[in-house]
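Listed below, chain by chain, are the residues.
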Amino acid sequence: MAEKKSKKRKIRLKGLLVVLLLVYLVGTCLFYISKMPIKNIEIEGNFYLKDNYIINYLDISDESIIKVSNKKIKNKLLKLDLISNVKVKKNYFGKLYIKIVEDKILFYNWNNKKIVLSSGKEIEYNKEYLGVPTLINYVQEEVYDEFVKKINEINRETLSLVSEIQYSPSIVEDRIVDDKRFLFRMNDGNIVYINTININKFNNYLEIYEVIVNKNGNVTGCLYLDSNSENNHFNNCESNPIVEEDDANNGES
């Protein structure tokens, strides 16, 4: 009997040691996870705000992956004027995923020193916003409102090719025939004339200019997209192309 009791005690002791070992291992794992730093931050969806800017702004590099709050990250990022939506995910191997949605920047309005967004909101200028065209002169209110609405139809990548925007009504024999025409100064040295009714043409700028280069070589000049005509006029900017008055009036609704 004594031998059986001794065996039972040994079995119980072994079982207790196994339980203690498991508790120790689980506790060690939990402690390790609780102290695990953020090893990698993956940011998706940002166009204007660079990764380093967002990471420095969040200031969470020294925090552990388990303790950092998804909700706090989201709320902090939503305080940035440019960000309209945020999704945050993380895993327990130290990786943090941040997916953001930025409002599109349309242009910097030199007249009031504000950045104009696709949402219609105007915000303070931030040097982190790269590739933003500047509207350099005054535009009457009615034309300006329509321009803001229409320029939103240009995709971000193509819009970032523009350096300056100038309101430039088309004038024939001292008479304004298109009061909704603008001039885009491009980063590549070209000038593009466009009006609000034809502004979608500008999304094809790279393809249009590629055809011009293939035909004339690598040249710079003026491209006229302010006509309803399918022919895209291009010259050395010394003279305007001759267009029909109906086409010239196409800026009027």
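Thresholds, definitions, all that
- Residues numbered from 1 in each chain as written.
- Predicted model: local features only at pLDDT ≥ 70, side-chain atom pairs only at ≥ 80, totals over all residues.
- Heavy atoms only, no water.
- Helix = DSSP H or I, 4+ residues; strand = E, 2+ residues; numbered from the N terminus.
- Buried < 20%, exposed > 50% of the residue type's maximum accessible area, 1.4 Å probe, protein only.
- Contact = heavy atoms within 4.5 Å.
- Disulfide = S-S within 2.5 Å.
- Phe/Tyr/Trp six-rings, centres within 6.5 Å; stacked < 30°, edge-to-face > 60°.
- Lys NZ or Arg CZ within 6 Å of the ring centre and 35° of its normal.
- Core = buried A, V, L, I, M, F, W, Y, C linked by side-chain atoms within 4.5 Å.
- Pairing = 2+ DSSP bridges.
- Axes fitted to C-alpha atoms, helices over the stretch in contact; angles between N-to-C directions.
- Patch = residues over 30% accessible without salt bridge, like charges linked within 9 Å, V, L, I, M, F, W, Y side chains within 5 Å.
- Areas by Shrake-Rupley, 256 points an atom, 1.4 Å probe, with all protein chains shown as cover.
- Salt bridge = Lys/Arg side-chain N within 4 Å of Asp/Glu carboxyl O.
- Lys, Arg positive; Asp, Glu negative; His and termini not counted.
- Charge placed at Lys NZ, Arg CZ, Asp CG, Glu CD.
- Arc of directions from axis to C-beta.
- Polar contact = N/O pair within 3.5 Å; in protein donor to acceptor, adjacent residues only side chain to side chain.

Across its full length, the protein chain carries seven helices and 14 strands. Burial analysis of the protein chain (253 residues in total) assigns 37% to the buried set. Across the protein chain, contacts joining residues at least 24 apart in sequence account for 53% of those joining residues at least 6 apart.

With that out of the way, let us pick up the state of the cysteines. According to the stated counting rule, one finds one disulfide in the structure shown. Cysteine 222 shares a disulfide with cysteine 237; S-S distance 1.9 Å. Across the disulfide from cysteine 222 to cysteine 237, rotation about the S-S bond amounts to roughly 110 degrees, and the bridge is consequently right-handed. Pair noted here: cysteine 222 is in strand S13 (residues 222–224) and cysteine 237 is in the loop between strand S14 (233–235) and helix H7 (245–248), with a separation of 15 residues, a long-range link.

Turning next to the packing of aromatic side chains. Applying the stated rule across the entire model yields eleven aromatic pairs. For the ring pair phenylalanine 47 and tyrosine 48, a centre distance of 4.9 Å and an interplane angle of 85 degrees mean the geometry is edge-to-face. Judged by relative accessible area, phenylalanine 47 falls into the partly exposed class, the value being 24%. Considering the side-chain rings of phenylalanine 184 and phenylalanine 202, the 5.0 Å spacing of their centres and the 85 degrees angle between planes classify their relative orientation as edge-to-face. Here the residue phenylalanine 184 occupies a position in strand S11 (residues 181–186), and phenylalanine 202 occupies one in the loop between strand S12 (191–195) and helix H6 (205–216), the gap between them amounting to 18 residues. Here a set of aromatic residues connected by ring pairs shows up, and it is made of Phe107, Tyr144, Phe147, Tyr167 and Phe182. Stacked on the ring of tyrosine 57, the Lys or Arg lysine 76 has its end atom at 5.2 Å from the ring centre. The positively charged end of lysine 113 is found above the aromatic ring belonging to tryptophan 110, 4.2 Å away from the centroid.

Turning next to the nonpolar core. Within soluble globular proteins, side chains that are nonpolar tend to cluster in buried spots. Among the nonpolar cores identified, the biggest contains 28 residues, and Phe107, Ile151, Ile165, Phe182, Phe184 and Phe202 are the most heavily contacted of them. Broken down by secondary-structure element, the contributors of at least two residues to this core are strand S4 (105–109), helix H4 (141–151), strand S8 (162–167), S11, S12 and H6. At five residues, the largest contribution of residues to this core is made by H4. Residues within four places of isoleucine 151 in sequence aside, it is in contact with Lys104, Leu106, Phe107, Leu159, Ile165 and Ile199.

The next point concerns the sheet that holds strand S1 (residues 40–44). A sheet is described by the order of its strands in space; here three strands give the open sequence S1-S3-S2, paired in mixed fashion. Each edge of the open sheet carries a strand with a single partner, namely S1 and strand S2 (83–90). Along the sheet, successive strands turn relative to each other by an average axial angle of 20 degrees, direction set aside. Of the pairings in the sheet, the one linking S1 to strand S3 (residues 95–102) comprises five bridges and is parallel in character. The residue of S3 that forms the bridge with glutamate 44 is lysine 99. Sitting on the sheet, helix H2 (residues 51–58) touches S1 and S3, and the angle it makes with S1 is about 125 degrees. Helix-sheet contacts for helix H3 (residues 70–77) involve S2 and S3, and the interaxial angle to S2 is about 160 degrees.

What follows deals with a positive patch on the surface. Positive charge collects at one region of the surface, where Lys74, Lys87, Lys89 and Lys99 lie side by side. As for its position among the elements, lysine 74 is in helix H3. Classification of lysine 74 as partly exposed rests on a relative accessible area of 33%.

Listed in full, the buried residues belonging to H4 are Val143, Tyr144, Phe147, Val148 and Ile151. Buried residues along H4 cover an arc of 135 degrees about the axis, so they all sit on one side. Opposite the buried face of H4, by more than 90 degrees, sit the exposed residues Glu141, Glu142 and Lys149.

Let's shift gears to the side chain of asparagine 203. Mapped onto the fold, asparagine 203 is located in the loop between S12 and H6. Polar side-chain contacts of asparagine 203 include one of 3.1 Å to the backbone oxygen of glutamate 153. With near-sequence residues (within four places) excluded, asparagine 203 lies in contact with Glu153, Ile154, Asn155 and Thr158.

We now examine the pattern of salt bridges. Considering all chains together, one arrives at seven salt bridges under this definition. With a closest N to O distance of 3.2 Å, lysine 150 and glutamate 153 form a salt bridge. When its relative accessible area of 33% is taken as the criterion, glutamate 153 is described as partly exposed.

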